[in-house]
2 protein chains.
Amino acid sequence: MLIATLKELFAEHGLKFTNQRYLVYRTMAAARDHPSAETVWRRVRGEAPAISLDTVYRTLAAFETRGLVARVPGGGDEGRFDGDATPHHHLVCLSCGAIEDFSMPGAGLADLPPEVSAWGRVRDAQVLVRGVCRRCLCQVENQQPDANQRSECR
Amino acid sequence: MLIATLKELFAEHGLKFTNQRYLVYRTMAAARDHPSAETVWRRVRGEAPAISLDTVYRTLAAFETRGLVARVPGGGDEGRFDGDATPHHHLVCLSCGAIEDFSMPGAGLADLPPEVSAWGRVRDAQVLVRGVCRRCLCQVENQQPDANQRSECR
DNA sequence: TTCGATGCAAATACTTTGCACGATA
DNA sequence: TATCGTGCAAAGTATTTGCATCGAA
């Protein structure tokens, strides 16, 4: 995205354009791994060594409020953020914390039952799947040489 | 549930039967509001004033591991627990933190796309709806007497 | 020039852990 | 009686906040 365009986007949301916000935005747009605030911080520090962690927190909070990033639920103690704020679903590994996207027709906002609109105003709806990713399953399996059961690995 | 039955249930899961665990279990089974650990603690203290908060944390963790309670995702900073560990979906109010259940056929474990089973082993799947509940919407509306827009209240 | 944004440090909130004692099986 | 569970206090982790300074508009 062009810097000029991004400047406009920020202005539309009442946000001043700063180098820190630019870098956080760019990092989030490029990230596919739903990073935590601290992870974003580490990445951004490569280009702006002086940026502080609380600025990253504040920036992500400002972006989240305005729908520029989304907070991914179910990711354990630490908040995880998604640069893709369009509707989609998530797979969360309870073992390593990895988060992946997946798509599932028929489980979007339009498919919610009527009782939901009676409940209040919906901001977002997503399917959240929690489990253990294949990589973690295989690590455990490899530690037990007597694994003569069905393998979910490879 | 009979105490003898509960004793058995605990034994099946390798848990000793203690008064604290009994009370936490009973509280969770009766709760409909997906309480936090601290909320459970306050309730249990009515009957066991000496129970400590960390025992509640440990007990809920032990129950969660064994599938006796579930942790509800998306509930903000503090962990929220569900005495009903059977599959169902959740509505989370971002304003007051209230959590409600809802049901939605076609969005269960059996309806997940095949790519999910390739990802790893699924523990649970649920639809998570985040928004603002009607009660909170109406509070805001009542604070603005000039609310001549469509009302989601009443 | 003004007001929002940032960095620093301290504070807060929630949860976990070490340890000695107590209670269950 | 051996082991697990509990209470207490302290520690740990993630996040937020006060304040003075800085910088975008």
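Presented here is an overview of the structure given in this document. Since we're looking at a predicted model, the values are computed, not measured. Each chain carries its own residue numbering, running from 1 in the direction its sequence is written. Labels follow written order: the first chain is A, the first ligand is 1, and so on. In keeping with the predicted nature of the model, local features appear solely for residues at pLDDT of at least 70, side-chain atom pairs appear and are counted solely at 80 or more, and the whole-chain, interface and lining totals rest on all residues. Only hydrogens and water are removed before side-chain values are computed, so all heavy atoms of the structure are retained for them.

1. Observations regarding the environment of Ala-48 of chain A
Residue and element names in this part refer to chain A.
Then, in step 1: In this structure, Ala-48 sits in the loop between helix H3 (37–45) and helix H4 (53–65).
Then, in step 2: Counting along the chain gives 31 residues from Ala-48 to Gly-79, while the straight-line C-alpha distance between them is 22 Å.
Then, in step 3: Contacts between residues were defined by any pair of non-hydrogen atoms, one from each residue, lying within 4.5 Å. Setting aside its immediate chain neighbours within four residues, Ala-48 contacts Asn-19 and Leu-23. The way it works is that DSSP assigns letters per residue, a run of H or I at least four long becomes a helix, a run of E at least two long becomes a strand, and they are numbered from the N terminus.

2. Some remarks on the protein's contact with DNA strand C
Then, in step 1: Only heavy atoms are used to decide nearness, and a residue is near a molecule or strand if one of them lies within 4 Å of it. Close to DNA strand C lie 20 residues; Thr-18, Arg-21 and Thr-55 of chain A together with Tyr-57 and Gly-79 of chain B are nearest.
Then, in step 2: By atom count, sugar and phosphate contribute 70% of the portion of DNA strand C lying within 4 Å of the protein.
Then, in step 3: For the purposes of these results, a polar contact is taken to be a pair of N or O atoms within 3.5 Å, where, inside protein, one atom must be able to donate a hydrogen and its partner to accept one; residues adjacent in sequence count only when each atom of the pair is a side-chain atom. Between DNA strand C and Lys-16 of chain A, the relevant distance is 3.3 Å, taken from a base oxygen to a side-chain nitrogen or oxygen of the residue.
Then, in step 4: Here Ala-50 of chain A contributes a backbone N or O atom positioned 3.3 Å from a phosphate oxygen of DNA strand C.

3. Description of helix H3 (residues 37–45) of chain B
Then, in step 1: When accessible area is computed with a 1.4 Å probe and restricted to protein chains, residues below 20% of their type maximum are described as buried, those above 50% as exposed, and intermediate ones as partly exposed. Where H3 of chain B is concerned, the buried positions are Ala-37, Thr-39, Val-40, Trp-41 and Val-44 of chain B.
Then, in step 2: Elements in contact with the buried residues of H3 of chain B: helix H2 (19–30), helix H4 (53–65) and strand E2 (80–82) of chain B.

4. Overview of the protein's contact with DNA strand D
Then, in step 1: Surveying the vicinity of DNA strand D reveals 20 residues, the closest of which are Tyr-57 and Gly-79 of chain A together with Thr-18, Arg-21 and Thr-55 of chain B.
Then, in step 2: In this structure, a base nitrogen belonging to DNA strand D sits 3.2 Å away from a side-chain N or O atom of Lys-16 of chain A.
Then, in step 3: Side-chain polar atom of Arg-58 of chain B to a base nitrogen of DNA strand D: 3.1 Å apart, as the coordinates give it.
Then, in step 4: Those elements that place two or more of their residues in the surface near DNA strand D are H4 of chain A together with H2 and H4 of chain B.
Then, in step 5: Its residues placed into classes, the surface near DNA strand D shows 5 nonpolar, 5 polar and 10 charged. Three residue categories are used. Nonpolar comprises Ala, Val, Leu, Ile, Met, Phe, Trp, Tyr, Cys and Pro, charged comprises Asp, Glu, Lys and Arg, and polar comprises the others, including Gly.

5. Considerations on unusual backbone geometry
Residue and element names in this part refer to chain A.
Then, in step 1: With a phi close to 55°, His-34 is a non-glycine residue in the positive phi region.
Then, in step 2: As for its position among the elements, His-34 is in the loop between helix H2 (19–30) and H3.
Then, in step 3: Residue classification places His-34 among the buried residues on the basis of a relative accessible area of 2%.

6. Focus: the relation of the copies chain A and chain B
Then, in step 1: Least squares is the method used to superpose the copies, on C-alpha atoms of residues holding a pLDDT of at least 70 in both. Take chain A, turn it by 180°, move it 0.0 Å along the axis, and it overlays chain B with an RMSD of 0.0 Å. The superposition of one copy onto the other is thereby described by a two-fold rotation axis. Taking C-alpha positions as the reference, the residue of chain A nearest the rotation axis is Val-127 of chain A, at 2.1 Å.
Then, in step 2: Of all interface residues in chain A, 100% are interface residues in chain B too; the two copies therefore contact each other through one and the same surface.

7. Some thoughts on the interface of chain A and chain B
Then, in step 1: Listed as interface residues are 37 residues of chain A and, on the opposing side, 37 residues of chain B.
Then, in step 2: As a working definition, buried area equals the accessible area (1.4 Å probe) given up by two parts on being put together, with both sides summed. Carbon and sulfur atoms make up 57% of the area that chain A and chain B hide from each other, which totals about 3,200 Å².
Then, in step 3: Interface area lost by chain A to chain B is led by Trp-119, Arg-121 and Arg-130 of chain A, which between them contribute 26%.
Then, in step 4: In the sections that follow, a salt bridge refers to a side-chain nitrogen of Lys or Arg positioned within 4 Å of a carboxyl oxygen of Asp or Glu. Taken together, the links from chain A to chain B amount to 2 salt bridges.
Then, in step 5: Asp-124 of chain B serves as the salt-bridge partner of Arg-130 of chain A, at 3.0 Å between the closest nitrogen and oxygen.
Then, in step 6: At the junction of chain A and chain B, the tally comes to 14 residue pairs in polar contact (both at pLDDT 80 or more).

8. A closer look at the pattern of salt bridges
All names here are of chain A.
Then, in step 1: This model, assessed by the stated rule, comprises 12 salt bridges over all chains.
Then, in step 2: Residues Glu-47 and Arg-26 are paired through a salt bridge, measuring 2.9 Å at the closest nitrogen-oxygen approach. Pair noted here: Glu-47 is in the loop between H3 and H4 and Arg-26 is in helix H2, with a separation of 21 residues, a long-range link.
Then, in step 3: Take Glu-47: its relative accessible area is 52%, and that puts it in the exposed class.
Then, in step 4: Of the residues examined, Arg-26 reaches a relative accessible area of 35% and is grouped as partly exposed.

9. Things to note about H4 of chain A
Residue and element names in this part refer to chain A.
Then, in step 1: Along its 13 residues, H4 runs 18 Å from first to last C-alpha, staying within 8% of the 18 Å computed at 1.5 Å per residue.
Then, in step 2: Of all the residues in H4, the buried ones are Val-56, Thr-59, Leu-60, Ala-62 and Phe-63. Each buried residue of H4 sits inside an arc of 160° when the element is viewed along its axis, so together they form one side. Turned more than 90 degrees off the buried face of H4, the exposed positions are Arg-58 and Thr-65.
Then, in step 3: Structurally, H4 contributes buried residues whose contacts are with helix H1 (3–12), H2, H3 and strand E2 (80–82). Helix span, expected: 1.5 Å multiplied by one less than the number of residues in the helix. In this description, the arc belongs to the directions extending from the helix axis to the C-beta atoms.

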